[in-house]
Amino acid sequence: MAVRDIVVWPDSRLREKSREIDEITDEIRTLYRDMTDTMYAQNGLGLAAIQIGVPLQMFLVEARLAGRDEEDGPLAFINPEIVETGDETERSEEGCLSFPEVYVPVDRPVQAKLRAMGIDGKTFEVDGEGLMARCMLHENDHLCGKLLVDYVGPLKRQMIKRRLKRAAAQQGKGGDAGEGDAATGR
Ligand code: ZN
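This write-up is about the structure you can find in this document. Keep in mind it's a predicted model, so treat the numbers as computed, not measured.

Considering the coordination of the zinc ion
Octahedral six-donor coordination of a metal ideally yields angles of 90 or 180 degrees, compared with 109.5 degrees for tetrahedral four-donor coordination. Bound to the zinc ion are the protein donor atoms C96 (SG), H138 (NE2) and H142 (NE2), situated 2.0 to 2.2 Å from the metal. Along the chain, the residues donating to the zinc ion fall in the pattern C-x41-H-x3-H. With H138 and H142 both in helix α2 (residues 131–143), this residue pair falls four residues apart, about one helical turn. Residue class for H138 comes out buried when judged on its relative accessible area of 8%. Judged by relative accessible area, H142 falls into the buried class, the value being 1%.

The following block contains the structure:
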């Protein structure tokens, strides 16, 4: 079990395009487990591999939201593609583990069908509605480097950047004494 650090915006790694996964190896299964541990430690509904710094095309959706039993673990989407989305859209506040405490309104299709490979190597399709559709489309955005801030105007984007930098600086102060002294300039 390994909880990994979440990559937080404006870290440029979040803009990377993730690569396809050729086959399900032990390394990929370990990545799945680490992502699962990290997502649950942060109470996330979904998590993309790039959010722990691995630019591979995989994201997870929390078990209940994906309509599975809790003990089955999160549903993995490997090399996903969007098959179709409904015409109807809905605006709702969206959060992201790479944007702690930030919520922005995002318009998304109410319905989305995705095709992907599971962690068992089998291809499957999921037709999701509402929060499930929103979550799949949000995570899928991560694989091509698209982020929450791409859905807001430049002013709000600057505001979010300042807020996250301030939060990161404050976290630094809470670290070991040496770093704290440096951060406060004393
Ligand atoms: Zn996200």
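Some remarks on the packing of aromatic side chains
Any pair of aromatic rings gets described here by the distance separating the centres and the angle formed by the planes. As enumerated under the stated definition, the model contains three aromatic pairs in all. Between W9 and F99, the ring centres sit 5.3 Å apart and the planes meet at 25 degrees, which makes this aromatic pair stacked. On the criterion of sequence distance, the pair formed by W9 in the segment before α1 (26–41) and F99 in strand β5 (residues 99–109) is long-range, its members being 90 residues apart. For W9, a relative accessible area of 7% gives the class buried.

Regarding the sheet that holds strand β2 (residues 58–61)
Read from one edge of the open sheet, five strands run β1-β2-β3-β6-β7, paired in antiparallel fashion. Either end of the sheet is taken by a strand with one partner, and the two such strands are β1 (46–48) and β7 (123–129). Between one strand axis and the next, the sheet turns by 40 degrees as a mean value, whatever way the strands run. Judged from the four bridges that link them, β2 and strand β3 (residues 75–85) form a sheet pairing that is antiparallel. Each bridged residue has a counterpart across the sheet, and for L60 the counterpart in β3 is A76. Taken strand by strand, α1 contacts β1, β2 and β3, and its axis lies near 40 degrees from that of β2. This element, α2, spans β1, β2, β3, β6 (111–117) and β7 of the sheet and lies at about 160 degrees to β2.

Some thoughts on α1
End to end, α1 covers 22 Å across 16 residues, agreeing with the expected 22 Å (1.5 Å per residue, within 8%). Listing the buried residues of α1 in full gives I28, L31, Y32, D34, M35, T36, D37, T38 and M39. Packing partners of the buried residues in α1 comprise β1, β2 and β3. Remark: N43 follows α1 within two positions and exhibits a positive phi of approximately 55 degrees.

A look at empty space enclosed by the protein
Where empty space is left becomes clear once a probe the size of a water molecule has been rolled over the atoms. Per the counting criterion, the structure on display carries one cavity of 30 Å³ or more. The computed volume of the largest cavity comes to approximately 30 Å³. Residue lining of the largest cavity: C96, R108, H138, D141, H142, K146, L147, L148 and Y151, and that is the complete set. With three residues, α2 is the single largest residue contributor to the lining of the largest cavity.

Some words on the pattern of salt bridges
On inspection of all chains with the given rule, the structure shows twelve salt bridges. The salt bridge partner of E70 is R64, with a shortest N-O separation of 3.0 Å. For E70, a relative accessible area of 36% corresponds to the partly exposed category. The closest approach of N and O atoms between E125 and R115, which form a salt bridge, is 2.9 Å. Residue E125 is found in strand β7, and its partner R115 is found in strand β6; the two are separated by ten residues along the sequence. Overall, the relative accessible area of 41% leaves E125 in the partly exposed class. For R115, a relative accessible area of 30% gives the class partly exposed. By sharing partners, the salt bridges in this structure join E81, K113, R115 and E125 into a single network.

Rules and cut-offs
By convention here, each chain's residues receive numbers from 1 onward along its written sequence. Whole-chain, interface and lining totals are the exception, using all residues; otherwise, since this is a predicted model, local features are given only for residues with pLDDT of at least 70 and side-chain atom pairs are given and counted only at 80 or more. To get the side-chain values, take all heavy atoms of the structure and skip hydrogens and water. Because no water is among the atoms considered, metal sites can look incomplete, with donors defined as N, O and S atoms within 2.8 Å of the metal, or 3.2 Å for Na, K and Ca. Comment: elements are numbered from the N terminus, with helices defined as DSSP H or I runs of at least four residues and strands as E runs of at least two. Relative accessibility decides the category of a residue: with a 1.4 Å probe and only protein chains considered, values under 20% of the type maximum give buried, values over 50% give exposed, and everything between is partly exposed. Only the six-membered ring of Trp is used, alongside the rings of Phe and Tyr, when aromatic pairs are assigned; centres must lie within 6.5 Å, and planes under 30 degrees apart are stacked while those over 60 apart are edge-to-face, with the rest tilted. Paired strands are those between which DSSP finds at least two bridges. Lines fitted to C-alpha atoms define the axes, with helix axes restricted to the stretch in contact, and inter-axis angles between N-to-C directions lie between 0 and 180 degrees. In this analysis, two residues are considered to be in contact whenever any of their non-hydrogen atoms come within 4.5 Å of each other. In a helix, the anticipated span is given by 1.5 Å times the number of residues less one. A pocket, in this scheme, is an open set of points on a 1 Å grid over the protein atoms alone with protein on both sides within 12 Å along at least 5 of 7 lines, while a cavity is a set where a 1.4 Å probe fits but cannot get out; residues line either one if an atom lies within 4 Å of a point. Grid points are joined across faces, edges and corners, and a volume is the space filled by probe spheres set on the points. Each salt bridge in this description consists of a side-chain nitrogen of Lys or Arg and a carboxyl oxygen of Asp or Glu lying within 4 Å of one another.

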